[in-house]
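Here is how the chains run, residue by residue.
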Amino acid sequence: MDLLRANLHKVRIPEPTNRIHKDECCVSFDTPRSEGGLYVDMNSFLGFGREHVAWNFEKSENPVYLHIVQRRKPEPDETDRPLKKPTLLAIGVEGGFGEQEPEYDVTYEIVILPEFVSLPFPSVDLPEKVRLAVDKVILAESADRKQQLASWVADKKIISAHAMDLQQLDNGVIVPPTGWKCSKCDKTENLWLNLTDGMILCGRWVWDGTGGNNHAVEHYQQTKYPLAVKLGTISADLEGADVYSYPEDDSVEDPILAQHLSHFGIDFSSLQKTEMTTAERELDHNTNFDWNRIQESGKDAEPLYGPGYTGLVNLGNRYHGLSV
């Protein structure tokens, strides 16, 4: 512990604008799931595999690292699972294809080079600066994830035509920092704050039965108040907040979102992101789905034709995960 305290000046607390490289080594393909895990430099926030972390220490003289290791959880024996063949061309619903992804156990420790001295995390014995810095690294959106999202969202979000002259009612509504619930049902996730009157309402119903009960969009249809922000996406990095324009039918940019939030007593700098944006949901569904499940990989398929076998059921050509 004395060695860590002696190097506290080398530990930085990341700001919202810092890029956190915690998914892959900067000079190799090592990840937290590799045999040696991944080491995140707690000064530059660059990630390195076991074979390259000493090289980074020699070049940067930064000795303090967060060691991240992910190990896949054992799956139940396939023989213990009842075999159910899909009967519907759908994902995540009864009778359709499953969407269960592998789960991983994640462990963290503080490592000090060059001797690779390890200290457990979390631990109350660690200096407060280290605990705060590590917590922020763990909670932060990784640089790779941000780049993936930027690549997925090809078009830059437009500035809403309703943002600069948005009407906000002086109705005395103050939104608390936590404990949100839909004003018309018991939903506590996928909640949207209408930026005109401060109503907190749940998002749209999603094709797989999740999502909300459509109360936010129904409120717009009744009031024509145009802009809403997803509460779980608000953080100190305000550019990442998910703002939706109902008249423009798209996610948009609100250049004065901080002003609009402060009208309802919201200090965005004190909030932590807890939910995915609409674009992140799309990316997550498209990058994590195992297509082998619908391709019958490794099986001999028997050609079939005739009524009930030929053709596709039209599911629509628009992403059905939109949750506003």
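What counts as what
- Residues numbered from 1 in each chain as written.
- Predicted model: local features only at pLDDT ≥ 70, side-chain atom pairs only at ≥ 80, totals over all residues.
- Heavy atoms only, no water.
- Helix = DSSP H or I, 4+ residues; strand = E, 2+ residues; numbered from the N terminus.
- Buried < 20%, exposed > 50% of the residue type's maximum accessible area, 1.4 Å probe, protein only.
- Contact = heavy atoms within 4.5 Å.
- Areas by Shrake-Rupley, 256 points an atom, 1.4 Å probe, with all protein chains shown as cover.
- Core = buried A, V, L, I, M, F, W, Y, C linked by side-chain atoms within 4.5 Å.
- Expected span 1.5 Å × (residues − 1).
- Arc of directions from axis to C-beta.
- Pairing = 2+ DSSP bridges.
- Axes fitted to C-alpha atoms, helices over the stretch in contact; angles between N-to-C directions.

Further remarks concern the overall build of the protein chain. Scanning the protein chain from terminus to terminus reveals 8 helices and 10 strands. Across the 324 residues of the protein chain, 38% fall into the buried class. Put simply, 66% of the contacts in the protein chain that link residues at least 6 apart link residues at least 24 apart. Of the roughly 19,200 Å² that the protein chain leaves accessible, carbon and sulfur atoms contribute 51%.

With 32 residues, the main nonpolar core has L193, L195, V229, I234 and L261 as its most contacted residues. Excluding residues that lie within four positions of it along the chain, L261 makes contacts with L193, L195, V229, I234, L238, I266 and F268. Core analysis: the second largest hydrophobic core is formed by 18 residues, I20, F45, I68 and L119 among them.

The end-to-end C-alpha distance of helix α3 (residues 128-139) is 17 Å, a good match for the 16 Å that 12 residues give at a rise of 1.5 Å each. Along α3, the residues classified as buried are V130, A133, V134 and V137. Relative to the axis of α3, the buried residues are bounded by an arc of 95° and lie together on one face. When the buried face of α3 is taken as reference, the exposed residues oriented beyond 90 degrees from it are E128 and L139. The elements touched by buried residues of α3 are α1 (2-6), β1 (38-41), β3 (64-72), β4 (104-112) and β5 (117-121).

Let us look at the sheet that holds strand β6 (residues 191-194). Judged by pairing direction, the sheet is antiparallel, and its 5 strands sit side by side in the order β7-β6-β8-β9-β10 without closing on themselves. Both edges of this open sheet fall to β7 (200-202) and β10 (250-252), since each of them pairs with a single strand only. Each neighbouring strand pair of the sheet contributes to a mean axis angle of 40°, computed without reference to strand direction. Pairing between strand β9 (residues 243-245) and β10: 3 bridges, direction antiparallel. Within β10, the position partnered with S245 by the bridge is D250. In the packing of helix α5 (residues 215-223) onto the sheet, the strands contacted are β6 and β7, and the crossing angle to β7 comes to about 120°.

Next up on the list: the side chain of H260. Considering the arrangement of structural elements, one finds H260 in helix α6 (residues 257-262). Assessed through its relative accessible area of 2%, H260 is described here as buried. Once you skip the residues sitting within four places of it in the chain, H260 turns out to touch A163, L166, Q168, L195 and D254.

Such coordinate-based values are descriptive only and should not be taken to indicate function.
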